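The primary structure of each chain is shown beneath.
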Amino acid sequence: MKLINKSQKLEDVCYDIRGPVLQSALALESQGESILKLNIGNPAPFGFEAPDSILNYVAEHLHDAEGYSHSMGIIQARSAILSHAMSHGFSNINLDDIFLGNGVSELIVSTTQALLDNGDEILVPSPDYPLWTAAANLAGGKAVHYICDEAADWTPDIDDIKSKVTTKTKAIVVINPNNPTGAVYPLEILQEIAKIAETHQLVVFADEIYDKILYDDAQHIPMGSLIEKTLCISFNGLSKAYRLAGFRAGWAITSGNKALAKSYIEGINMLLSMRLCANVPAQLAIEPALNGKQCIDDLRLPKGRLYEQRELGYSLLTQIEGISCVKPKGGIYLFPKLDPKRYPIKNDEQLIHDFLMQEKILLVQGSAFNLNDNQHFRLVFLPEKDQLTHAINRLAHFLLNRF
Ligand SMILES: Cc1ncc(COP(=O)(O)O)c(C=O)c1O
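This structure is a prediction, so every number in the text was calculated from the model and none was measured. (Residues numbered from 1 in each chain as written. Predicted model: local features only at pLDDT ≥ 70, side-chain atom pairs only at ≥ 80, totals over all residues. Heavy atoms only, no water.)

Novice: Would you take a moment to explain the state of the cysteines for this structure?
Specialist: Among covalent bonds in proteins, the disulfide is the one between the sulfur atoms of two cysteines. Under the counting rule described, the total for this entry stands at zero disulfides. Its sulfur unpaired, Cys 325 is 15 Å from the next cysteine sulfur, which belongs to Cys 148. For Cys 325, a relative accessible area of 10% puts it in the buried group. (Disulfide = S-S within 2.5 Å. Buried < 20%, exposed > 50% of the residue type's maximum accessible area, 1.4 Å probe, protein only.)

Novice: Help me understand the site of the ligand in this model?
Specialist: In the vicinity of the ligand there are 13 residues, among which Ser 105, Asp 207, Tyr 210, Ser 239 and Arg 248 approach most closely. Between an oxygen atom of the ligand and a side-chain N or O atom of Arg 248, the distance comes to 2.7 Å. Here the shell around the ligand gets three residues from one element, more than from any other, and that element is helix α4 (residues 103-115). By residue class, the composition of the shell around the ligand is six nonpolar, four polar and three charged. (Near = heavy atom within 4 Å. Polar contact = N/O pair within 3.5 Å; in protein donor to acceptor, adjacent residues only side chain to side chain. Helix = DSSP H or I, 4+ residues; strand = E, 2+ residues; numbered from the N terminus. Nonpolar A, V, L, I, M, F, W, Y, C, P; charged D, E, K, R; others polar.)

Novice: Any chance you could explain the packing of helix α12 (residues 305-318) against helix α14 (residues 385-402) here in plain terms?
Specialist: Running from N to C, α12 and α14 cross one another at 15°; their axes reach a closest spacing of 10 Å. Judged on the interaxial angle alone, α14 and α12 are roughly parallel. Judged by the sense of rotation from one axis to the other, the crossing of α12 with α14 is right-handed. Counting all contacts with α12, which are made through Glu 308, Gln 309, Leu 312, Gly 313, Leu 316 and Leu 317, the residues of α14 involved are Lys 385, Leu 388, Thr 389, Ile 392 and Leu 395. Looking at side-chain class alone, the contact of α12 with α14 contains six nonpolar, three polar and two charged residues. (Axes fitted to C-alpha atoms, helices over the stretch in contact; angles between N-to-C directions. Parallel < 35°, antiparallel > 145°, perpendicular 65-115°, else oblique. Left-handed = near helix turned anticlockwise from the far one by under 90°. Contact = heavy atoms within 4.5 Å.)

Novice: Looking at this structure, how should I read the pairing of strand β4 (residues 142-149)?
Specialist: Taken residue by residue, a regular strand's side chains alternate between the two faces of the sheet. When strand β3 (residues 121-126) meets β4, the two strands line up parallel, connected through six bridges. Within β4, the residue paired with Pro 125 across the bridge is Tyr 146. You can see the chain leave β3, run along helix α5 (residues 131-138) and come back into β4, and the turn it takes is right-handed. Pairing analysis gives two bridges linking β4 to strand β5 (residues 155-156), with the strands arranged antiparallel. Considered in β5, the bridge of Asp 149 is made with Thr 155. Taking the residues between adjacent antiparallel strands as the criterion, β4 and β5 are bridged by five residues, where Asp 153 takes a positive phi near 55°. (Pairing = 2+ DSSP bridges. Right-handed = clockwise from strand over helix to strand, strands pointing away.)

Novice: Help me out: how do you make sense of the layout of surface pockets in this one?
Specialist: Once rolled over the atoms, a probe with the size of a water molecule shows which space is left empty. Here the largest pocket defines a volume of roughly 480 Å³. Lining the largest pocket are 25 residues, and of these Tyr 15, Ser 105, Tyr 129, Lys 240 and Arg 248 sit closest to its centre. Looking at which element gives the most residues to the lining of the largest pocket, the answer is α4, with four residues. Classifying every residue of the lining of the largest pocket by side-chain character gives 12 nonpolar, eight polar and five charged. Here the lining of the largest pocket spans two domains, and each of domain 1 (8-49 + 298-402) and domain 2 (52-291) adds at least three residues to it. Taken as a whole, the second largest pocket encloses approximately 350 Å³ of empty space. In terms of lining residues, the second largest pocket is bounded by 24 residues, among which His 84, His 88, Asp 211, Lys 212 and Asn 236 are the most central. Elements that contribute at least two residues to the lining of the second largest pocket include exactly α3 (75-86), β8 (231-237), β9 (249-256) and α11 (296-300). No other element matches the four residues that β8 contributes to the lining of the second largest pocket. The residue makeup of the lining of the second largest pocket, split by class, is 12 nonpolar, seven polar and five charged. (1 Å grid on protein atoms, 1.4 Å probe; cavity = no way out; pocket = protein on both sides within 12 Å on 5 of 7 lines; lining within 4 Å. Points joined across faces, edges and corners; volume = space filled by probe spheres on them. Domains from an automatic or database assignment.)

And the structure:
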């Protein structure tokens with residue numbers, strides 16, 4: 001019998017955040033086990049509700065969302081994004097530079113598909129949010145990983161980036177605030193990246209979906225406010241700061257030297273037209289979200305749930321012998337390091353799998369983020385304090401028994 005195989009295009013495509021370990025977790029659930037899922041940044045199931053004002057607005061206007069919209073998105077949403085971006089340092093942009101997608105995820109896939117020819121290279125951070133590597137490979141390109149240095153608070157290593165630019169390099173991805181590390185990059189680093197991109201005319205893909213989830217004195221500087229001589233595409237959406245991951249509402253902004261990129265932007269527009277439009281009810285949520293009260297501030301400032309859970313998670317993890325962690329300045333994740341002398345791990349996926357089977361708690365191994373040192377894992381600090389404490393205590397117990 002002839003088997004039905006996946007296409008060869010998928011050969012180098014990997015998205016292990018929802019990979020084999022999750023499959024084991026789902027199998028356990030189907031046997032009636034309850035799994036504490038600390039594997040994805042999905043705020044709503046942990047009680048982080050979206051503002052009522054946004055939900056009510058969408059409900060009241062649902063009748064306006066029955067038809068397809070313009071392929072780039074509804075004007076109200078794009079106008080709100082435009083004003084918001086201009087008030088955050090973007091210049092020389094207009095409505096035609098704003099396009100909406102079914103989450104940032106869809107736009108990552110479209111913008112890489114539209115840019116990359118077979119063999120083209122794209123610089124992607126390591127560790128990364130792995131959709132970038134997967135999307136680049138799916139498009140026929142090659143993700144070339146640049147180092148983010150844990151010893152320097154996970155900031156990108158500028159010399160490493162410079163050494164990896166070749167004649168085939170077409171773009172660089174900057175994830176700031178970073179998933180999985182929680183780093184928020186200082187101005188000097190962003191300026192250095194901008195300089196490299198402008199010198200080599202690389203497209204800058206700035207994934208800034210955590211730009212409003214900042215702690216302590218962290219300041220987010222949008223890449224779109226720094227780039228002039230090459231094309232920058234900035235990505236953002238409602239999934240995190242507005243706790244509306246299920247709506248699948250995201251957007252992208254083209255800025256910088258758009259004249260260079262006329263053909264590429266036409267290509268993106270063609271792909272957007274092919275999928276007709278993004279989900280229209282979810283597009284309705286964008287304007288009230290951006291123009292309403294930014295209640296993420298109540299969560300990320302001292303006494304807020306995110307702030308307090310970050311403090312607790314960081315403190316409990318770093319009390320475990322042989323675990324260190326750069327304290328996240330943004331986002332919703334902790335990305336600790338297991339000292340290889342204390343924990344000689346040969347296969348981090350196996351470790352996370354065994355932890356799941358024993359404790360029914362789901363984490364993600366560092367290698368799922370294209371960091372292949374077998375020394376890291378990512379934990380989402382969204383659960384309430386008692387659940388977080390339970391998870392980290394069980395992890396300590398598991399590690400101390402095993403090693
Ligand atoms: C860095 C980063 N970019 C993009 C996404 C995807 O966002 P969306 O829900 O808008 O597709 C995520 C989701 O976790 C993310 O962490």
